[in-house]
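Architecture at a glance
Chain by chain, the residues:
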Amino acid sequence: MFRPKIPTNPTPAGHLTPPVLVEPTAVVPSAQVPPPAPVAAASSRPTVQLTPGTALALVGGGGTAVVLVVGAVLVSLLLAVAITGASVAVCALVIRSLVHADAKRR
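Computed from a predicted model, the values in this text were never measured in an experiment. (Residues numbered from 1 in each chain as written. Predicted model: local features only at pLDDT ≥ 70, side-chain atom pairs only at ≥ 80, totals over all residues. Heavy atoms only, no water.)

The number of helices and strands found in the protein is one helix and zero strands. In the protein, which comprises 106 residues, the share counted as buried stands at 0%. Of the roughly 11000 Å² of accessible surface on the protein, a fraction of 72% belongs to carbon and sulfur atoms. (Helix = DSSP H or I, 4+ residues; strand = E, 2+ residues; numbered from the N terminus. Buried < 20%, exposed > 50% of the residue type's maximum accessible area, 1.4 Å probe, protein only. Areas by Shrake-Rupley, 256 points an atom, 1.4 Å probe, with all protein chains shown as cover.)

In structure tokens, the structure reads:
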């Protein structure tokens with residue numbers, strides 16, 4: 001019961017091919033030739049030259065983008081706070097109304 005059962009390997013059926021013998025080949029060392037030096041490819045794109053004016057424009061444009069993103073985030077946070085405050089106020093009015101109606105019945 002506790003002894004492992006070893007599976008028996010059935011004899012292969014069909015056509016068997018004998019193993020192929022691989023003959024070693026001789027390695028002949030050759031003279032070492034240094035690889036050719038890489039040639040820089042000519043770029044078809046024009047080079048960009050930054051002048052102080054264009055650098056200032058890029059920084060100004062980047063600064064404008066940052067200000068716009070930060071402003072959008074702050075406006076969305078302010079809107080979220082306003083919506084949350086309004087919903088809490090409505091909930092407070094409903095609870096107050098329910099408590100007041102319950103006090104009138106007594």
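What follows deals with a nonpolar patch on the surface. On the surface, Val66, Val69, Val70, Val73, Leu74 and Leu77 cluster together into a nonpolar patch covering about 540 Å² of accessible area. With respect to the helices, strands and loops of the structure, leucine 77 is situated in helix α1 (residues 52-105). (Patch = residues over 30% accessible without salt bridge, like charges linked within 9 Å, V, L, I, M, F, W, Y side chains within 5 Å. Salt bridge = Lys/Arg side-chain N within 4 Å of Asp/Glu carboxyl O.)

The quantities given are spatial measurements derived from coordinates; they are silent on function.
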